[in-house]
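What follows is the residue order along each chain.
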Amino acid sequence: MATAVAKAALAGRAEPGFALAATGGPVPRRVSALLTAPTRRLPAALLSATLVLGVTSWSAQTALDAATDLHQHLETAQDLTMQVSSTASDE
């Protein structure tokens, strides 16, 4: 509905004097600007969001890997301690 009203406002009347006034000036330019498609920044926003998500996922994976390595090293150290203490008590 609003698009039809805007187009009708741009069309003007058949009178030549009024038609020239209707095609120039600030109001028809504003109406014309409203009818044009807006510029989109979606690709840049999508790229940024994807980058942030990727870096966050990589960071979480790295933290999980470090925690797993720490746990394995602690288990190995515990096993070695148990072996050393059992060997020492046997002698």
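Residues numbered from 1 in each chain as written. Predicted model: local features only at pLDDT ≥ 70, side-chain atom pairs only at ≥ 80, totals over all residues. Heavy atoms only, no water.

## Things to note about the overall build of the chain
Each helix and strand in the chain was counted, giving 4 helices and 0 strands. Helices (α) and strands (β) of the chain occur, in sequence order from the N terminus, as α-α-α-α. Element-wise, carbon and sulfur atoms account for 67% of the exposed surface of the chain, whose accessible area totals about 8000 Å². (Helix = DSSP H or I, 4+ residues; strand = E, 2+ residues; numbered from the N terminus. Areas by Shrake-Rupley, 256 points an atom, 1.4 Å probe, with all protein chains shown as cover.)

## Quick look at the confidence of the model for the chain
Per-chain confidence: the chain averages 82 in pLDDT, with 80% of residues scoring 70 or above. Across the chain, the element-wise mean pLDDT spans from 54 in helix H2 (residues 16–23) up to 93 in helix H4 (residues 42–90). (pLDDT = per-residue confidence, 0-100.)

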